[in-house]
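Next come the chains, spelled out residue by residue.
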Amino acid sequence: MCENVYDMIIVGSGPAGLTAGIYGKRAGLKVVILESGFIQGGQIVNTYEVDNYPGMPGISGLELAEKLKEHVTGFGVEIARGKVKGISLDGEWKIVHTKKADYRGKAVILAAGAVHRKLEVPGEEELAGMGVSYCATCDGAFFKDKTVAVVGGGDVAVEDAIFLARGCKQVYLIHRRDQLRAAKVLQDALKDFHNITCIWDTTVEKIGGEQQVQWITLKQTKTAEKYQLDVDGVFIAVGTVPDTGFVKELVDLDEHGYIKAGEDGRTGVSGIYAAGDIRTKELRQIITAAADGANCVNSAQQDLYKR
């Protein structure tokens, strides 16, 4: 018999999972949050500055994550470390399997978020950690006074370029289209940095170097011209993919791997809910993730009381 028995099990400790923990505890439920990493907060811990979360302009992602964690632990919500391998059903109970232990719950909120999308080009895997990075705030300090490339055109890519430009000699922002997708306020901020050069209509074909990144091969999408650009590091910011592999046989996913769930968080499986970047929706930001966490708890409460 599983000793870890809860009313609600939350998989993931980003803004969606932490918010769900707060609301679950306030509802008087016995709650546990499962997190595979050492730090709570999800992707926001890698964000240099959060400027779109109401009431906290200019706060860093790490600071916001810490405040969320303090709120959760202050309520007495249990946080356990464990990578979820799968979930099985036992009548009305859900059993969440991790490498170290199993957890039995009446309701499960899936809030595992998303992982960095890769370019899938030669040299990316081989030079990961040796100049190839997916986190500018984590690794940017290693490239002080050096030349780096940022690949992408969204908010994260532009934020990374701006962050790196404060310490790097030269930053190349490489985008496959002729205009950025990032918010206008971020695009305007780029103009203040003379050491950021945008390279339009271009893709990265290869990352090369001996034991560390030394160059990248670029391809101009309109002319098919290829050329080499010398850089000391490559920061990849081309989006994310949902972390849903552990439930792909349990719940319905769309063609991109996101869990099919509406604003109430309900999936096609009774007692299992999806919150945050892991579910199908138009806008994936901190505020919508937090709202998802609250909505999932509300739905779970309603469903539990019906039983």
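Residues numbered from 1 in each chain as written. Predicted model: local features only at pLDDT ≥ 70, side-chain atom pairs only at ≥ 80, totals over all residues. Heavy atoms only, no water.

**Student:** Before we go on, may I ask you to explain unusual backbone geometry in this structure?
**Tutor:** A negative phi holds for most residues other than glycine; trans holds for most peptide bonds. Even without glycine at this site, Glu120 takes up a positive phi of about 60 degrees. Along the chain, Glu120 turns up in the loop between strand E7 (114-116) and strand E8 (132-133). The backbone of Asp201 shows a phi angle near 50 degrees, a positive value even though the residue is not glycine. For Asp201, the position within the fold is in the loop between strand E11 (196-199) and strand E12 (202-208). A relative accessible area of 10% places Asp201 in the buried class. (Helix = DSSP H or I, 4+ residues; strand = E, 2+ residues; numbered from the N terminus. Buried < 20%, exposed > 50% of the residue type's maximum accessible area, 1.4 Å probe, protein only.)

**Student:** Explain the packing of aromatic side chains here, please?
**Tutor:** Each aromatic ring pair is summarised here by two numbers: the centre-to-centre distance and the angle between the ring planes. Under the counting rule described, the total for this entry stands at 2 aromatic pairs. Seen from their ring centres, Tyr6 and Tyr103 are 6.3 Å apart, and the 35 degrees between their planes marks the pair as tilted. Placement of Tyr6 in strand E1 (residues 4-11) and of Tyr103 in strand E6 (residues 102-110) is noted, with a sequence separation of 97 residues between them. By the burial criterion, Tyr6 is buried, and Tyr103 matches it. An angle of 75 degrees between the planes, with centres 5.3 Å apart, marks the rings of Phe143 and Phe235 as edge-to-face. Residue Phe143 is located in the loop between helix H3 (136-139) and strand E9 (147-151), and its partner Phe235 is located in strand E15 (residues 233-236); the two are separated by 92 residues in the primary sequence. Taken as a pair, Phe143 and Phe235 share a single burial class, namely buried. (Phe/Tyr/Trp six-rings, centres within 6.5 Å; stacked < 30°, edge-to-face > 60°.)

**Student:** What exactly am I supposed to notice about the packing of helix H1 (residues 15-26) against helix H2 (residues 61-74) here?
**Tutor:** Any two packed helices are characterised by how steeply their axes cross, that is the angle between the axes, and by the distance between the axes. As a packed pair, H1 and H2 sit with axes 9 Å apart at the nearest point and diverge in direction by 25 degrees. The pairing of H1 with H2 is recorded here as roughly parallel in orientation. Relative to H2, H1 is oriented so that their crossing is left-handed. In this structure, H1 uses Pro15, Leu18 and Ile22 to contact H2, whose residues at the interface are Leu68, Lys69, His71 and Val72. Per-class residue counts for the contact of H1 with H2 are 5 nonpolar, 1 polar and 1 charged. (Axes fitted to C-alpha atoms, helices over the stretch in contact; angles between N-to-C directions. Parallel < 35°, antiparallel > 145°, perpendicular 65-115°, else oblique. Left-handed = near helix turned anticlockwise from the far one by under 90°. Contact = heavy atoms within 4.5 Å. Nonpolar A, V, L, I, M, F, W, Y, C, P; charged D, E, K, R; others polar.)

**Student:** What is the right way to look at the nonpolar core in this model?
**Tutor:** For soluble globular proteins, nonpolar side chains are generally found buried alongside one another. Of all hydrophobic cores here, the largest spans 29 residues; its most connected members are Met8, Ile10, Leu64 and Ile109. For this core, the secondary-structure elements that each account for two or more residues are E1, H1, strand E2 (31-35), H2, E6 and helix H6 (286-306). Here this core gets 6 residues from one element, more than from any other, and that element is H6. Here Ile10 is in contact with Gly17, Ala20, Gly21, Val31, Val32, Ile33, Leu34 and Ile109, once residues within four sequence places are set aside. (Core = buried A, V, L, I, M, F, W, Y, C linked by side-chain atoms within 4.5 Å.)

**Student:** What am I meant to see in the state of the cysteines here?
**Tutor:** Note on terminology: a disulfide is the covalent bond linking the sulfur atoms of two cysteines. Considering all chains together, one arrives at 1 disulfide under this definition. Of the cysteine sulfurs around Cys168, a residue in no disulfide, the closest is that of Cys135, at 13 Å. Cys168 gets classed as buried once you look at its relative accessible area, which sits at 6%. (Disulfide = S-S within 2.5 Å.)

**Student:** I would appreciate a short explanation of a positive patch on the surface in the present structure.
**Tutor:** Together, Arg81, Lys85, Lys99 and Lys100 make up a region of like positive charge exposed at the surface. If you trace the backbone, Arg81 turns up in strand E3 (residues 78-81). In this structure Arg81 comes out as partly exposed when scored by relative accessible area, which is 45%. (Patch = residues over 30% accessible without salt bridge, like charges linked within 9 Å, V, L, I, M, F, W, Y side chains within 5 Å. Areas by Shrake-Rupley, 256 points an atom, 1.4 Å probe, with all protein chains shown as cover. Salt bridge = Lys/Arg side-chain N within 4 Å of Asp/Glu carboxyl O. Lys, Arg positive; Asp, Glu negative; His and termini not counted. Charge placed at Lys NZ, Arg CZ, Asp CG, Glu CD.)

**Student:** Honestly, the sheet that holds E8 in this entry has me stumped. Any pointers?
**Tutor:** Two strands in a sheet stick together by hydrogen bonds in their backbones, pointing the same way (parallel) or opposite ways (antiparallel). Read from one edge to the other, the open sheet built from 5 strands follows the order E8-E15-E9-E10-E11, with strand pairing classed as parallel. Here the strands that pair on one side only, and so sit at the sheet edges, are E8 and E11. Where E9 meets E15, 4 bridges bridge the pair, whose relative direction is parallel. Note that in E15 the partner of Val148 across the bridge is Gly233. (Pairing = 2+ DSSP bridges.)

**Student:** Mind showing me how you'd approach the layout of surface pockets here?
**Tutor:** Sizing a probe to match a water molecule and rolling it over the atoms shows the empty space that remains. By volume, the second largest pocket amounts to about 200 Å³. If you list the elements that add at least two residues to the lining of the second largest pocket, you get helix H4 (155-165) and helix H5 (184-190). Of the residues that constitute the lining of the second largest pocket, the class distribution is 7 nonpolar, no polar and 4 charged. (1 Å grid on protein atoms, 1.4 Å probe; cavity = no way out; pocket = protein on both sides within 12 Å on 5 of 7 lines; lining within 4 Å. Points joined across faces, edges and corners; volume = space filled by probe spheres on them.)

**Student:** In this structure, what is going on with the sheet that holds strand E13 (residues 215-220)? I would like to understand it.
**Tutor:** Taken in spatial order, the 3 strands of this open sheet run E12-E13-E14, and their pairing is antiparallel. Both edges of this open sheet fall to E12 and strand E14 (226-230), since each of them pairs with a single strand only. On average, adjacent strands in this sheet sit at an angle of 30 degrees to one another, irrespective of strand direction. Across 6 bridges, E12 lies against E13 in antiparallel orientation. Paired with Lys206 across the strands is Thr217, a residue of E13.

Bear in mind that shape data such as this cannot, by itself, settle questions of function.
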